[in-house]
Amino acid sequence: MGDYLKAGSGDLEYSILVEGVSLSIGRSRLLDDVSLKVKRGSMTAILGANGAGKTTVLKCLLGLVKPSSGRVEVNGRDVNLYSRVDLARELAYVPQLLNASVSFTVLDFVMMGRYAYEGGFGYQDKEGEGVAMDALQRVDMSKFIDRKLHTLSGGERQKVCLAAALAQESEILILDEPSAHLDPRQSEEVHRLLAGVAESSGLTILTVTHDLNWAAMDYDYVFGMKDGRVVAEGLASEVITCDGLRALFGVDFTIVPHPDTERGMVVPTVRNREGGIS
Amino acid sequence: MKGNVKIWCLIILALVTVFVTPWLGERSIGFDVLARPFTMGVDDLDAVIFWQIRVPRLLLAFLAGVGLSLGGVVFQAMFRNALATPFTLGVAGGASFGVALWVQLGLSFSILGIGGISLAAMGGAVFSILLLYGLVRASGKSSPMTMLLGGVAISFFFSSLIMLLQYLMDIGDSFRVIHWLMGDIGRANLDSVLQVFPFVASGGLIVMYLRRELNLLSVSDEIAASRGVNVDGVRVVLFFAVSLMVAGIITVCGPIGFVGIMAPHMCRLVFGANHRVLVPTSLIFGGVFLTWCDTLARTVSVSSEIPVGIVTALLGGPFFLWLLFKHGERH
């Protein structure tokens, strides 16, 4: 992946543009003058402690929340000017682990990603079924089409969610902690799939995550948020540093180079045993 | 069994219901009445009972079952809770209150051919929804559980208001309201069928049209919005469609409980969660279910009949408990 400039045209090509966005609900200020630009075709992560406003930024992009001030643009157009259907064609969303009570079959669920391309009543998008199958193939879940979602493991459910988002055929993929609650193997699978998707399709990927090493390893560009503000931005290697992480999380980490790629990996700083468990 | 086979079984069940139940009853009637559909007067008692009592009753029960079942499907999807129905969410309470108020005030007028009492039920239903929705919007607390509890509270609130009105009424009006509250299809005639039909048909068409939206709403609001659903708009339309159906039914038949929980849940177990299939099958099964409940209500006791609301609740109560304790956790 490497240089984040690789995919875009190199200069002003941004898929997502957030400028000076503030949002207050009641007396609490959720976002405070947030600006971020996401290069077309890049993999960009938003890091930050819980409550830093990361998910709220995603909600602004999805048009679920209207900022009190500022501008949100998707593919060069104000997000408010899109109809919901048009926005869905530009931008797909993968949530945190899907509620286990959802009992659609895998194929039905992925087909629901085709909403923006279908008509009303019983109209079924025939072409869409091919797209859905293709998406399932890409996440290696095509053998599971008739399984009910609630019978799948968390990792498998997440892969199906990714397939549903891919079936939406949008240029931008937005993910909210896609590997939270997954065991190491499952989250590794999800990460691998996403890297593959980014590599092969050139999608713009914007992810909110707590997984620092995943961000360090796979992402081109990183924004750090704290208390509703963007406090750090840059290449992953510029933001995921000892100082950067201390500023974001108020905790000391140690950064060591990955044995294969030399990318900086995050490990816990050795704890003072005397001060630790007492 | 494959999906198509199951659907054909349901269609056959519906046809059997429609063609068999009119022949069930205290008085046995020969097939020859089919040849005398427009008999008037009491000379031909068989034809009168068949065409003017049993057939309208079948149609009304079926229509009411359709509407109540669809109301259940819609609310269960929107609130993502298997126990949500217009009844648990206070819509029926509101409609009942509207009717009680109407009776108490002794009003009588109609607008555009719609009876005033229907308008009162509709007004009550819409008011209860706006109340709940307004509270949710104002507080920002829109978790399905909060809405459900809010609906239950609104239901209780309206029940007390109805009791208060009854307390103030004279005995005749009060009995009218009590009998109405039991839920009864015994008053069916062709007029009542024609009165309910437009409500169920228009509400039903809206729900049929919005099946894909129901699928997405049943997953989560964020998912629905990100796939392209205008969540707030669709929600309002669905609320409106359900109020329309429930108010139309409730005015004529009174509040008939549990159909909205039982029919959709049975269909979900048999046909799965996809609303493309769930909506039409619940629609048919709701009609079938209520028709059989009503047939039971009018045949089980020899000299009189039980209001159908009692039968559905007697069947529905244990089913509700089973649902709650067996599947409650997952929902």
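Located above this text is the structure these notes cover.
Position numbers for residues start from 1 in each chain and track the written sequence from start to end. To label them, take the chains in the order written and letter them from A, then take the ligands in the order written and number them from 1. Residues qualify for local features only when their pLDDT is at least 70, as the model is predicted, and side-chain atom pairs are given and counted only at 80 or more; totals for whole chains, interfaces and linings, by contrast, use all residues. Just so you know, side-chain values use all the structure's heavy atoms and leave hydrogens and water out.

Caption draft 1: Local environment of the sheet that holds strand β8 (residues 204–208) of chain A. Residue and element names in this part refer to chain A. When DSSP finds two or more bridges between two strands, those strands count as paired. Strands here are runs of E lasting at least two residues and helices are runs of H or I lasting at least four, both read from the DSSP assignment and numbered beginning at the N terminus. Taken together, the six strands give an open sheet; going across it, the order is β6-β7-β8-β3-β9-β10, and neighbouring strands pair in mixed fashion. Both edges of this open sheet fall to β6 (91–94) and β10 (229–235), since each of them pairs with a single strand only. Geometrically, the sheet is characterised by an average inter-axis angle of 15 degrees between neighbouring strands, direction not taken into account. The pairing of strand β3 (residues 43–48) with β8 spans four bridges and is parallel. Orientation is described by lines fitted to C-alpha atoms, with helices fitted over the stretch in contact, and by angles between N-to-C directions that extend from 0 to 180 degrees.

Caption draft 2: A look at the pairing of β10 of chain A. Residues and elements named next belong to chain A. Of the pairings in the sheet, the one linking strand β9 (residues 221–226) to β10 comprises six bridges and is antiparallel in character. When the sheet's bridge partners are listed, M225 is paired in β10 with V230. Between β9 and β10, which pair antiparallel in sequence order, lie two residues; one of them, D227, sits at a positive phi of approximately 50 degrees.

Caption draft 3: Broad picture of the interface of chain B and chain A. Residue contacts are defined here by distance: any two heavy atoms, one from each residue, within 4.5 Å place the two residues in contact. Contacts between the two partners involve 23 residues from chain B and, on the opposite side, 32 residues from chain A. A 1.4 Å probe defines the accessible area here, and the buried area is the portion of it lost by two parts on being joined, summed over both. Each partner contributes to the roughly 2,500 Å² buried at the junction of chain B and chain A, and carbon and sulfur atoms together form 58% of this total. Salt bridges are identified by distance alone: a Lys or Arg side-chain nitrogen within 4 Å of an Asp or Glu carboxyl oxygen. Linking chain B to chain A there are three salt bridges. Between E222 of chain B and K59 of chain A there is a salt bridge whose closest N-O contact spans 3.9 Å. Under this definition, polar contacts are N or O atom pairs within 3.5 Å; protein pairs additionally need one hydrogen-donor-capable and one acceptor-capable atom, and for neighbouring residues in sequence, both atoms have to be side-chain atoms. Taken together, chain B and chain A are joined by eight residue pairs in polar contact (both at pLDDT 80 or more). Those elements giving two or more residues to the side of chain B that touches chain A turn out to be α7 (190–209), α8 (211–217), α9 (221–227) and α12 (275–299) of chain B. When grouped by side-chain class, the residues that make up the side of chain B that touches chain A number nine nonpolar, seven polar and seven charged. The residue classification treats Ala, Val, Leu, Ile, Met, Phe, Trp, Tyr, Cys and Pro as nonpolar and Asp, Glu, Lys and Arg as charged. All others, Gly included, are polar.

Caption draft 4: Highlighting a nonpolar patch on the surface. All names here are of chain B. A cluster of nonpolar side chains, namely W8, I12, V16, V20, L24 and W292, defines an oily patch on the protein surface of about 540 Å² accessible area. Examining the composition of the nonpolar patch, we find that four residues originate from one element, helix α1 (residues 3–20), more than from any other. Structurally, the position occupied by I12 is in helix α1. Exposure above 30% relative accessible area and no salt bridge define the residues that can form patches, which grow by joining like charges within 9 Å and nonpolar side chains of Val, Leu, Ile, Met, Phe, Trp and Tyr within 5 Å. Here the open area of atoms and residues is found with the Shrake-Rupley method and a 1.4 Å probe, where only the protein chains shown may cover a residue.

Caption draft 5: Structural view of the pattern of salt bridges. Residues and elements named next belong to chain A. For the structure on display, the rule yields 17 salt bridges over all chains. Here K159 and E189 are joined by a salt bridge, their closest N and O atoms 3.1 Å apart. Residue K159 is found in helix α5 (residues 154–167), and its partner E189 is found in helix α6 (residues 184–201); the two are separated by 30 residues along the sequence. Three exposure classes are used, based on accessible area relative to the maximum for each residue type with a 1.4 Å probe and protein chains only: buried under 20%, partly exposed in between, and exposed over 50%. The class for K159 is buried, based on a relative accessible area of 9%.

Caption draft 6: A look at the packing of helix α4 (residues 116–139) of chain B against helix α10 (residues 231–253) of chain B. Residues and elements named next belong to chain B. Closest axis-to-axis distance for the α4/α10 pair is 8 Å, and the angle between their directions is 145 degrees. Here α4 runs over α10; the crossing is right-handed. Contacts from I117, S118, A121, M122, A125, V126, I129, Y133 and R137 of α4 reach α10 at D232, R235, V236, F239, S243, L244, A247, I250 and T251. For the contact of α4 with α10, the per-class residue count stands at twelve nonpolar, three polar and three charged. A crossing counts as left-handed when the near helix is turned anticlockwise from the far one by less than a right angle, and as right-handed when that turn is clockwise.

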